[in-house]
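The lines below spell out each chain.
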Amino acid sequence: MTSAPTTPSRTASPVAAPYAVPRVAPQRRWRPALVWLAVALVAAGGLIAAAVLSKVGTTAEYLAVNSAVEAGSAIDRSDLRTVRITVDPALKPIRASAANEVVGRFAAVGLVSGTLLTRAQLTEMAVPRQGEQLVGVSLPQERMPAERVKAGARVLLVVTADDGPVSSQQQATATPISIKATVVDVRAGAKEGTTLLNVAVPDRDGPLIASRAAAGRIVVALMAGS
């Protein structure tokens, strides 16, 4: 018995994987005008930063108050000290090189230790001046303009009526006494809610203002231009 011829087996050829076509990014077109604009902006920013840095980073020596000085007192060299700081352009402190011009002048207001010294705080004349007296007036808030009275302000010290009985005719004819004064400095009063004003008044009015202030019979009116 003869066997049937065998058919040779065929091996399946592998299927080739699909070929990935590379994607080419679209070419960007450079615009020379935009490039030069960017370069100009970077350069301008660098110049501005350099200018600001040169101003902010520059320090100098200025005069500061070393110890408290009462208003009207002469300034001594020991009352001053030198500090090296960077100052805001809005401030006008006195350069340390001008110390000799400051010594011997008078404090127009009370000088607080640790603060910068400005020319607005100085005066050539003693306070009180010749023919004046310095009087302290302690006032509650309702007897003075709210947060408007500053050192150097010109004010009227109005003497109010006492608490005694007053007839209607006296009320109609009575003219309140008012005295012009200059505020030397302003401080917190000893009692809570009060403000202490040191005011310069004419010699003849000093005793009257002092006695009426002690009795709580003074009201402060701010004059125009103060």
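In this report, the structure presented in the accompanying data block is examined. (Residues numbered from 1 in each chain as written. Predicted model: local features only at pLDDT ≥ 70, side-chain atom pairs only at ≥ 80, totals over all residues. Heavy atoms only, no water.)

**Notes on the overall build of the protein**
Logical step 1: The helix and strand inventory of the protein stands at four helices and nine strands.
Logical step 2: Overall, the protein shows an N-to-C arrangement of helices and strands of α-β-β-α-β-β-β-β-α-β-β-α-β.
Logical step 3: Expressed as a percentage of the 226 residues in the protein, the buried residues total 26%. (Helix = DSSP H or I, 4+ residues; strand = E, 2+ residues; numbered from the N terminus. Buried < 20%, exposed > 50% of the residue type's maximum accessible area, 1.4 Å probe, protein only.)

**Overview of the pairing of strand β7 (residues 177–188)**
Logical step 1: Summarising the sheet, strand β6 (residues 154–159) and β7 pair through six bridges and their orientation is antiparallel. Paired with Leu-156 across the two strands is Lys-180, which belongs to β7.
Logical step 2: In this sheet, strand β8 (residues 194–202) lies alongside β7 in antiparallel orientation, the contact comprising six bridges. Within β8, the residue paired with Ala-188 across the bridge is Thr-195.
Logical step 3: Counting the residues that bridge the hairpin from β7 to β8 gives five residues, and of these Gly-193 lies at a positive phi of roughly 85 degrees. (Pairing = 2+ DSSP bridges.)

**Regarding the nonpolar core**
Logical step 1: Membership of the largest hydrophobic core comes to 19 residues, with the highest contact counts inside it found for Val-137, Leu-157, Val-199, Ile-218 and Val-220.
Logical step 2: Non-local contacts of Val-137, meaning those with residues more than four positions away in its chain, are made with Thr-195, Leu-196, Leu-197, Val-199, Ile-209, Ala-213 and Ile-218.
Logical step 3: Counting residues in each nonpolar core, the second largest holds 15 residues, with Leu-63, Val-69, Ala-98 and Ala-107 among its members. (Core = buried A, V, L, I, M, F, W, Y, C linked by side-chain atoms within 4.5 Å. Contact = heavy atoms within 4.5 Å.)

**Considering the pattern of salt bridges**
A side chain of one charge can pair with a side chain of the opposite charge when the charged atoms of the two come close.
Logical step 1: This model, assessed by the stated rule, comprises seven salt bridges.
Logical step 2: Across the pair Glu-132 and Arg-129 runs a salt bridge whose closest N-O atoms are separated by 3.3 Å.
Logical step 3: Looking at Glu-132, the relative accessible area reads 21%, which means it is partly exposed.
Logical step 4: Among the residues examined, Arg-129 registers a relative accessible area of 40% and is labelled partly exposed.
Logical step 5: Close ionic contact of Arg-187 with Asp-185 constitutes a salt bridge, the shortest N to O distance being 3.3 Å.
Logical step 6: Judged by its relative accessible area of 5%, Asp-185 falls in the buried class.
Logical step 7: Overlapping salt bridges bring together Glu-70, Asp-185 and Arg-187 as one network. (Salt bridge = Lys/Arg side-chain N within 4 Å of Asp/Glu carboxyl O.)

**Some words on a nonpolar patch on the surface**
Logical step 1: Taken together, the side chains of Leu-34, Leu-37 and Leu-41 define a hydrophobic patch exposed on the protein surface, amounting to about 310 Å² of accessible area.
Logical step 2: Along the chain, Leu-37 falls in helix α1 (residues 32–56). (Patch = residues over 30% accessible without salt bridge, like charges linked within 9 Å, V, L, I, M, F, W, Y side chains within 5 Å. Areas by Shrake-Rupley, 256 points an atom, 1.4 Å probe, with all protein chains shown as cover.)

**Describing the environment of Ala-108**
Logical step 1: Tracing the backbone shows Ala-108 in the loop between β3 (106–107) and β4 (122–123).
Logical step 2: Given the relative accessible area of 22%, Ala-108 is considered partly exposed.
Logical step 3: In this structure, the C-alpha to C-alpha distance between Ala-108 and Ala-120, residues twelve residues apart in sequence, is 7.8 Å.
Logical step 4: Those residues within four positions of Ala-108 in sequence are excluded, and the remaining contacts are Ala-71, Ala-120, Gln-121, Leu-122, Thr-123 and Val-184.

**Points about the sheet that holds β6**
Logical step 1: If you trace the five strands from one edge of the open sheet to the other, you get β5-β8-β7-β6-β9, paired in antiparallel fashion. In this open sheet, the two edge strands, each paired with only one partner strand, are β5 (132–140) and β9 (218–222). Strand-to-strand twist across the sheet, computed as the mean angle between neighbouring axes with direction ignored, equals 40 degrees.
Logical step 2: In the sheet, β5 pairs with β8 via nine bridges, with the strands oriented antiparallel. Among the inter-strand pairings, Glu-132 is bridged to a residue of β8, identified as Pro-202. (Axes fitted to C-alpha atoms, helices over the stretch in contact; angles between N-to-C directions.)

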